[in-house]
Every structure is written in C-alpha cells, then in structure tokens.
Amino acid sequence: MNHAATIAAISTAPGMGAIGILRVTGPKTLSISSQFLFRNNQQLSIDWITNHSRRSIYCDFTNSLDDNSLIDKIIFIYYSSPNTFTGEEIAEFHFHGNPILLRQGLELLLRAGARPAEPGEFTKRAFLNGKMDLTEAEAIGRLIHSRSRFELELAQKNLFGELSRLTSKLRSEMVGIKAECEAEIDFSTEDLTYESLEERRERINRIRKLCEKLLDSSNRADTLIGRSKVVLFGEPNVGKSSLMNLLIGRNRSIISDIPGTTRDYITEDLNIAGIPIQLVDTAGIRETQDTIEKLGIEQSLREANNANLKLFLIDTSQKIDWAEYIEKNRTLMESAILIANKIDIRDTSWDRIHWDKLLPGVSIISLSCVTGQGLTELIQLLENRLSGSESTEEFVILEDRQKFHFKAIVESLKKAEELMLVEAPAEIVIKEIDEAVREIGAVNGVITTEEVLGRIFSVFCVGK
Ligand SMILES: Nc1nc2c(ncn2[C@@H]2O[C@H](COP(=O)(O)OP(=O)(O)OP(=O)(O)O)[C@@H](O)[C@H]2O)c(=O)[nH]1
Ligand SMILES: [Mg+2]
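Residues numbered from 1 in each chain as written. Chains lettered and ligands numbered in written order. Predicted model: local features only at pLDDT ≥ 70, side-chain atom pairs only at ≥ 80, totals over all residues.

*Asks:* Got a minute to help me understand the packing of helix H4 (residues 121-128) against helix H5 (residues 134-145) in this structure?
*Replies:* How two helices pack is summed up by the angle between their axes together with the distance between the axes. Contact pair H4 / H5: the axes reach a minimum separation of 9 Å and the direction vectors enclose 165°. Classified by the interaxial angle, the pair formed by H4 and H5 is roughly antiparallel. For the element pair H4 and H5, the recorded crossing hand is right-handed. In this structure, H4 contributes Thr123, Ala126 and Phe127 to the contact, and H5 contributes Leu134, Ala137 and Ile140. Classifying every residue of the contact of H4 with H5 gives five nonpolar, one polar and no charged. (Axes fitted to C-alpha atoms, helices over the stretch in contact; angles between N-to-C directions. Helix = DSSP H or I, 4+ residues; strand = E, 2+ residues; numbered from the N terminus. Parallel < 35°, antiparallel > 145°, perpendicular 65-115°, else oblique. Left-handed = near helix turned anticlockwise from the far one by under 90°. Contact = placed C-beta atoms within 7 Å. Nonpolar A, V, L, I, M, F, W, Y, C, P; charged D, E, K, R; others polar.)

Encoded structure:
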C-alpha cells in the first residue's frame, strides 16, 4: 500500500543527547533527503544513495534552500522499501543531539516537501502495510511508556507476538465453530447427535473461560503496574519529613525540631529501582487539642490505610520504654516496616535485639537521615517489597480497547451457550458466534476503521 504523503519527524526523545535522529518515510524520501546531503561540496546523487542502501553515510547536512551553510556533520542511512519498519522507504538523519539543531534540520525537510508526522504515524504505516498486527503496534506504544520492568516485560511479550498468536488461534477456533453451525443449517444433518452439540457447547465454553481468564489476568497486571503508594508515618518529630527529603533528593518538606511541623500530607512521585512510587509524608500522630492538627492526623491515618507500603518511623534518640510503646502502637506497627531513625544519636534505651522478640516478623531498619546510614538497606527493602516476586509469566497486559473487545466476546459466547442449552436453532446461535468472530478480529486489526486507528495511534509520540 502506498501513502501519498512523505512524512518527517524527530524520532528521539526531546532534550540533549549524544545523537538525535530525524526520520523520513514515504515515496519522496530520497528526493527530499538528497537535497541536503553533501560531500566535498558535491550533492549526493539519488542513484549513489540508492546503491548505498542500509549503509551509514558520513556527510554534510547543508542548508541548500538558503545560503548553503553547513548545519551539521551527520550519519545518514537510507533503507530501501519494502523491508523497512514502515514498509515504505525510510531515511534516518543522525544529528548531534541538540533539540535546536534537530528542529533546524526538520524545518528544512518540511520546506522541501515533507509533512510533519502525526503521533504514531510511522507505526500506523507499519500496521497498514502489514508489518505487524494491531496488538503488536499497540505494544510499541506501551513499551515506550513503560514505567517499570514488570510493565516493560509485559509490553515485550505483546510486541513479540504472544497476544497476536493467542488472538489468531482463538479466532480460527471460533471460525471453525461458525463453519460447523453453517454446515448444520445448510444440510440439516441427521447424524448431528446430541453429543456433538454438547461437545461444541463445551468448546465455546472453553474459549469463553479463556477470554475471562485473560481479562482477569490483565486486570491484576494493571493493579501491579499502577503506582505504589508508600506512606511515612509515626509520632511528631521522628524524622518523617527528613526521610521524605532524603529519598527524593531535595528539600520538599519543611523540617524542624518543633513537633507538629508537618500538618498536611505532602506527596511526591519518584522512582525506586525502576518502580514508580508515590511517596507521602504525613503529619505526626499524637493527642492534640489543635483542630487543624487533628484534621491533619486524621488524614495521616487515612493515607496510611490506603498505602501499599507503610513506613512507621520511631525516634531512637529519645529515652523511651519501648515495650510499653509497642503495646500502645502495636496495630500500627505490625502492618508496617519500622524505621528506627536518628540512629546516629541513639539513646541507651534503644536495643535492636530486644525488638525481634517484642515484634516478631516485622522488618526494622536502623537509619540516620543525617549520616545516610541504612539508606541503601531501606531502598533495597522497598525494591523487594514493591516489585514483589511477581513474574510476568502468568500475566498479560491488555489495552482498554482490547479489553472492550474481549468483554464483548465473552458476552456473545455466553449468549451462544445459553441458546444452545435451550436447543435454539443454529441460525440464532450463529449470530452470536459471528459477533464474537468480529470482535476478535477487531483485537488484532483484521477489521478496523480509520476512526479506531486514529484513536489508537494518536496517543503515541511523534516520530514513532
Ligand atoms: N541526628 C539526627 N537528627 C534527625 C534525624 N532525622 C531527623 N532529625 C531531626 O529531627 C527533627 C525532626 O525532623 P522532621 O523531619 O521535621 O520530623 P517529622 O517527623 O517530619 O516531624 P513532624 O512533621 O513534626 O511530625 C529535625 O530537627 C531533624 O533535623 C537523624 O537521623 N539524625
Ligand atoms: Mg514533618
């Protein structure tokens, strides 16, 4: 399939980098590109470039439209069609990775007749030219935006065709069932026994269960992919805000030696070992008459309740009867990781060994927000707890659009099963099967409309 327009875009992430790549695809790729490519003040000819397909060409990128000024020394690569990402010819310009430079280059390519690519347009062409199916194309978008290793691995599975293969298999099974129903109508076979009908219903049931399992597994994966909420809580002045600032690497929360400094809760997004988390610093919990502080404390407890992980801080610099302290706070402490803070100025009443007996099974980390002692250990523990031992093997990720179709399949198959149970005529059953076949076709893009494609690819980044 040939698309009239030749499109161009900056394909690397915005910002500075060692290199930045401009990409062009479409029928006029060569005539547009070659205008700017020079060696020893000689423009590279289209023939010469065509003979050097897939080879890196070191050359000048010159502003031949205005004053022949040298824009950059680049590596140019030309990929002749059809064995390319988009299925059409592609040119790549490897500039030095400065955004202003890249925009200058792009500007010239556009003036020479290319059109700015829409978000995801390169991948959309790849799909339209049969280079990949829709689940694989969607997986590229997911892959680029993955925020954790877990999500990345799931995106890779789809990109490498796992969902595509499963969908094709389900589709061919459903088409098979549909054909059987048709045969039944056409010949009204006498030898179609009750057993074979029963067997067909079981096959439909099996496919439906599989789709339900898929939806369930994808919903569970969504929960794991969502940002984990990590809440810091404990009594006033134990160092919650200090730990918040230490973890995010800047002074976000106000720290002071006055108990009750933080009165509201404060949230920050950060990444710990590739896991996206939302960190929440809360108001210190204590008995108080101050109405505003009271509200803050209520919020703290609410935040702690909603957390995926709670860090309960205690102040080891105080002289405290810890056995009594634990009895008072046992419920709060047992569901949390304990952070024994201010270990650099710990009081003699603090005894780490003692704790394992008083609170068995609860993890304790000795920490100093001042010296940084124990921070590596804490981060390691957070990583272990948050990433879990979740293997991607039993999970699959479905985009919302795919879920929508799988739900529709489940509904249709369920109806088909019910109809068969009451021995409805095949003509009616087949309508439901047909619907399911259509829906599964929509999953990997056997059937699509321009509107659907527009929605899918518009969430991509430009240049992909
Ligand atoms: N020596 C030492 N001082 C610390 C440590 N962590 C915090 N502090 C000090 O303890 C005091 C209280 O720290 P904050 O981080 O404001 O405590 P908080 O728990 O947020 O207190 P509230 O917001 O009032 O609930 C400050 O003076 C900090 O400098 C530590 O590990 N060692
Ligand atoms: Mg605070």
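That shown, we press on.
*Asks:* What is the right way to read the pairing of strand E12 (residues 309-315) from this model?
*Replies:* Here is the key point about a regular strand: its side chains alternate between the two faces of the sheet. Counting buried residues in E12 gives five out of seven residues, a clear majority hidden from the surface. Both strand E9 (residues 228-234) and E12 contribute to a ladder of five bridges, which runs parallel. By the bridge assignment, Gly234 is partnered in E12 with Leu313. Bridge analysis of E12 against strand E13 (residues 337-341) gives five bridges, and the strand direction is parallel. From the neighbouring strand, Asp315 faces E13, where its bridge partner is Asn341. At this point the chain moves from E12, through helix H11 (residues 322-334), to the parallel E13, and the crossover so formed is right-handed. (Buried ≥ 20, exposed ≤ 12 C-beta atoms within 10 Å, placed from the backbone. Pairing = 2+ DSSP bridges. Right-handed = clockwise from strand over helix to strand, strands pointing away.)

*Asks:* How do you make sense of the site of ligand 1 when you look at a structure like this?
*Replies:* Lining the immediate surroundings of ligand 1 are 23 residues, of which Gly239, Ser241, Ser242, Thr262 and Gly284 lie closest. For the shell around ligand 1, the class distribution of residues is eight nonpolar, eleven polar and four charged. (Near = placed C-beta within 6 Å.)

*Asks:* What is the right way to read the pairing of strand E6 (residues 69-79) from this model?
*Replies:* With eight bridges joining them, strand E5 (residues 56-63) and E6 adopt antiparallel strand pairing. Looking at the pairing, Asn63 lines up with Ser69 of E6. For E6 and strand E7 (residues 90-97), the ladder comprises five bridges, and the chain directions are antiparallel. When the sheet's bridge partners are listed, Phe76 is paired in E7 with Phe93.

Geometry only, nothing functional implied.
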